[in-house]
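# Notes for the structure review
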Number of protein chains: 2
Amino acid sequence: MTGSNSHRLITGFSNPTIKFLRGLRDKKQRRLERRFLAEGLRLLTDAREVGLLPEMLVMATQRDPHPLLDELIAAVAASGGEILEMSGDLLTKVTGKDNPQAVCGVFAEFDTTLGAIDRRTAPIWLVAQALRDPGNLGTMLRTGDAIGAGGLILLDDCADPFSAEAVRASMGAIFTQRVARARWEEFEPWLRQGAGQLVAASLRDAQPYRGAPYQAPCFIMVGNESRGLPEAYELACDLRVTMPMKGRADSLNAAIAGAVLGYEVLAKLDA
Amino acid sequence: MTGSNSHRLITGFSNPTIKFLRGLRDKKQRRLERRFLAEGLRLLTDAREVGLLPEMLVMATQRDPHPLLDELIAAVAASGGEILEMSGDLLTKVTGKDNPQAVCGVFAEFDTTLGAIDRRTAPIWLVAQALRDPGNLGTMLRTGDAIGAGGLILLDDCADPFSAEAVRASMGAIFTQRVARARWEEFEPWLRQGAGQLVAASLRDAQPYRGAPYQAPCFIMVGNESRGLPEAYELACDLRVTMPMKGRADSLNAAIAGAVLGYEVLAKLDA
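Residues numbered from 1 in each chain as written. Chains lettered and ligands numbered in written order. Predicted model: local features only at pLDDT ≥ 70, side-chain atom pairs only at ≥ 80, totals over all residues.

Now for the packing of helix 1 (residues 16-23) of chain A against helix 5 (residues 88-95) of chain A. Residue and element names in this part refer to chain A. As a packed pair, helix 1 and helix 5 sit with axes 7 Å apart at the nearest point and diverge in direction by 40°. One way to sum up the angle between helix 1 and helix 5 is to call them oblique. Along the contact surface, helix 1 presents Ile18, Leu21 and Arg22, while helix 5 presents Leu90, Lys93 and Val94. Taken together, the residues of the contact of helix 1 with helix 5 sort by class into four nonpolar, no polar and two charged. (Axes fitted to C-alpha atoms, helices over the stretch in contact; angles between N-to-C directions. Helix = DSSP H or I, 4+ residues; strand = E, 2+ residues; numbered from the N terminus. Parallel < 35°, antiparallel > 145°, perpendicular 65-115°, else oblique. Contact = placed C-beta atoms within 7 Å. Nonpolar A, V, L, I, M, F, W, Y, C, P; charged D, E, K, R; others polar.)

See below:
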C-alpha cells in the first residue's frame, strides 16, 4: 500500500481536524468552509472515476482492505491530499451515523453559479424550485444522470445539495451532474439569453405530457413539495404539460414528477 | 362546534394514553397494538373522505379553528370515537416532531394479507421487494394512487407502511391504496392462481420498457434500494424491461423506477 507512513493518525475528540469535519455536517459551516463530505468507498470511487479527488481522505484504522481503497489512497497521496486515520468511534462522531462506512472524503464545493452551466452540453436540464427535501434533491441528481441531463438548477430556497443526505441519495451523481443555484429573477433572464424550452407539469392550460412537442435544450421544472410552482413561473413556461392523475391526489412527489417527465422528454428527443 | 364538552383533556406526561400514543412511534409497539398514527388535518380529511375515521382524535388545545376540523370532530364523535385535547408541548412529545401539526388520529391497521387483495379491482399493482426506506414506500403508495393502481404488495422484509414517515410520504394514499405484506414463497403461488403479468425492470434479457406488451392486471415489481431484485425473482417474471441509463449509474431509485414504469404501463393499458 502506497504512502502508509504519511498517514496522520488522529486520536482525540477535541482535535481541531475533528472539529472541522464535524462542522461540515452543518449547513452554515459548509458554506463558510466551501467544503462537503462524501461517505463510502463507492461514492469516492465514483468521484475518482470522473477525475475528482478529495482534498482530505478520512479512514477508520480498523477497516476491511479493498483494492479500490488502495487505489484511492494512492491517488489522493499523489495529488497532495491529506490522509487521516482515526478509530471507528471517532469516525462515527464525524459522520453522525451509527454505522458509518469506513471511509469518507472532504471535497471542495463546485461552482454553483449559472455562469458555470453550458446549456449546449446536454439536451435536458432539470430545474427545481424551493425543493426542501435533500433526499428528493439527491434523487433528482441521480435521475438526471440516468436520463442524460446536464445538471440540476436549484431555484429560490432549496435544500443544500452538499448535505450528507443529498450527496448520499445522489448515488454519485453529485460528481457528474452540474449543480447551479439561482433566484428566479436571475434564472429567467439567463434562460432567455439563449435557446431553451421551459417545461412544467401543471394543471393550468396544459396539454398531455405524452407526445408534447419537447425540444432540446429542454428545461424541466418542478415545484416545491407542498405548494407546487408559483403561478408566475408556470405562466413563464413555453410548455405546460399534465400527467394523468387517476386517484384522489392532485400531485406527485416532486422527484417522481421530474423523472416521469424526464423519461418522456428523453424518449421524444431520442426518437 | 359539536361535542366540545365530551373532549377529554390530558395534562400529564405520565398519562397512560400518552404512553400508548408515544408507543405507536415504535414499530414493535405498533404491531402489538395493531394501530398507527396519522398526522395533520389534510391526511385525516383524506381518510374521512374515503370513509375512514380515527378511533381516537388527538388535538392541541391551542389550535387554529378550521371548518374541516369541526366536521372531523363531529364525525369522530358520531362514530363513537374518543376525542382528546392536550397542550402543544405534549402533542410534540406524542408525534416526536418539533413542529407537529395540531391534530393527529389513531387508526386501526388494515388487513395486510394477500387474501385481502382482489386483483380484478385494478389494472396495475405495485410490488416492492425488501424496500427499506419508509419515504420510498410512502412515495410508491402516492404514485400508485396517481396511476390508478390497486395497491402495493410488500415482499420480504420491507419498511413498515404504518410508520409516521411512510404515512406522511403517502400523502393520504395509505387510506386509498391496498397494502399487503408477504414472503416471495407466498406471493408467487398466489400470483399464479389467477391472471397477472409480473414485470420487472432488469438488465437481464430485457426488452425496452417503451412499447413492451404490458397486460392487465400488471404487477410491477421493484427491488431493494441497494441490491435490486434477487435473480430468481427476475427469472420468474413474465416480462423484463429495461430503461435507458445514459449516465454512469446503472440503476434508479426504487420509487422512481416504479413510477416511470407505472406511467408507461398506464399509457399502454389506456391506449
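The subject of this paragraph is the relation of the copies chain A and chain B. Overlaying chain A with chain B gives an RMSD of 0.0 Å, the required rotation being 180° about an axis along which the chain moves by 0.0 Å. Put plainly, the chains are arranged around a two-fold axis. Closest approach to the rotation axis among the C-alpha atoms of chain A is made by Val260(A), whose C-alpha sits 2.5 Å away. Most of the interface of chain A is mirrored in chain B, where 100% of its interface residues again form contacts. (Least-squares fit on C-alpha atoms with pLDDT ≥ 70 in both.)

Residues and elements named next belong to chain A. One can read the domain layout of chain A as domain 1 (4-108) and domain 2 (114-270). A separation of 32 Å is found between the C-alpha centroids of domain 1 and domain 2. Contact residues are listed per partner, giving twelve residues for domain 1 and nine residues for domain 2. Of all the secondary structure elements, the ones that give two or more residues to the side of domain 1 that touches domain 2 are helix 2 (27-33), strand 2 (35-39) and helix 3 (41-49). The class makeup of the residues in the side of domain 1 that touches domain 2 is seven nonpolar, no polar and five charged. (Domains from an automatic or database assignment.)

Attention now goes to the nonpolar core. Core analysis: the largest hydrophobic core is formed by 172 residues, its most contacted members being Ala128(A) and Ala128(B). Apart from the residues lying within four places of it in its own chain, the contact partners of Ala128(B) are Leu137(B), Met140(B), Leu152(B), Leu154(B), Leu155(B), Cys158(B), Val222(B) and Ala254(B). (Core = buried A, V, L, I, M, F, W, Y, C linked by C-beta atoms within 7 Å. Buried ≥ 20, exposed ≤ 12 C-beta atoms within 10 Å, placed from the backbone.)

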